[in-house]
Amino acid sequence: MLNNKGIGALILRITLGVIFLAHGTAKFQGGIENTVGWFESIGLPGFMAYAVAAIEVVGGIALIAGVGTRIVSALFALLLIGAIIKVKFAAGFLNGYAYDLVLLSMSVSLFVEGSKLYSVGNLLFNQDKETNRYSKSV
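Residues numbered from 1 in each chain as written. Predicted model: local features only at pLDDT ≥ 70, side-chain atom pairs only at ≥ 80, totals over all residues. Heavy atoms only, no water.

Draft legend 1. Up close: the pattern of salt bridges. Taken as a whole and assessed by the stated rule, the structure comprises 2 salt bridges. Close ionic contact of Glu 56 with Lys 27 constitutes a salt bridge, the shortest N to O distance being 2.9 Å. Taken together, the residues span a long stretch of sequence, with Glu 56 in helix α3 (residues 47-65) and Lys 27 in helix α1 (residues 4-29) at a distance of 29 residues. Taken individually, Glu 56 and Lys 27 each receive the classification buried, so the pair is uniform in this respect. (Salt bridge = Lys/Arg side-chain N within 4 Å of Asp/Glu carboxyl O. Helix = DSSP H or I, 4+ residues; strand = E, 2+ residues; numbered from the N terminus. Buried < 20%, exposed > 50% of the residue type's maximum accessible area, 1.4 Å probe, protein only.)

Structure below.
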């Protein structure tokens, strides 16, 4: 029997993964040099644009697959805290950081709780077959 906590975490994991994959892919498709220039215009080193886009793409794929959920979620939380403080906070709540705050909450939730349901990481690294079968949270 599947538990609601596992299903909720699965929904958060897939949704967050798709959102970050889309954002990271857009940075590369729109010309990463544009993102580099924007980073520099707000006082951040340009190379960070590459790091952020790569974390978003690779992390998004990892979350969708369920590999390294807690690590990726922690990285996403750090990115979001930086985005809120450096860019979004000045625009206010509704027109600024509300969306990022929701993504931050999702990231923190996944960092704290993890997500094992339909997770490649759980399938590969979990030796407890009952936990793997029913996806009980640890």
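What follows continues from the structure just given.
Draft legend 2. Layout of unusual backbone geometry. The backbone of Tyr 118 sits at a positive phi, close to 50°, despite the residue not being glycine. With respect to the secondary-structure elements, Tyr 118 resides in the loop between α5 (93-113) and α6 (120-125).

Draft legend 3. Seen up close, the nonpolar core. With 16 residues, the main nonpolar core has Leu 16, Phe 76 and Leu 103 as its most contacted residues. Breaking this core down by element, the ones donating at least two residues are α1, α3, α4 (69-88) and α5. Sequence-distant contacts of Phe 76, that is, excluding residues within four places in its chain, are made with Leu 16, Phe 20, Ile 55, Glu 56, Gly 59, Gly 60, Leu 63 and Ser 107. By size, the runner-up hydrophobic cluster in this structure holds 6 residues, among which are Ile 32, Val 36, Ala 49 and Ala 53. (Core = buried A, V, L, I, M, F, W, Y, C linked by side-chain atoms within 4.5 Å. Contact = heavy atoms within 4.5 Å.)

The quantities given are spatial measurements derived from coordinates; they are silent on function.
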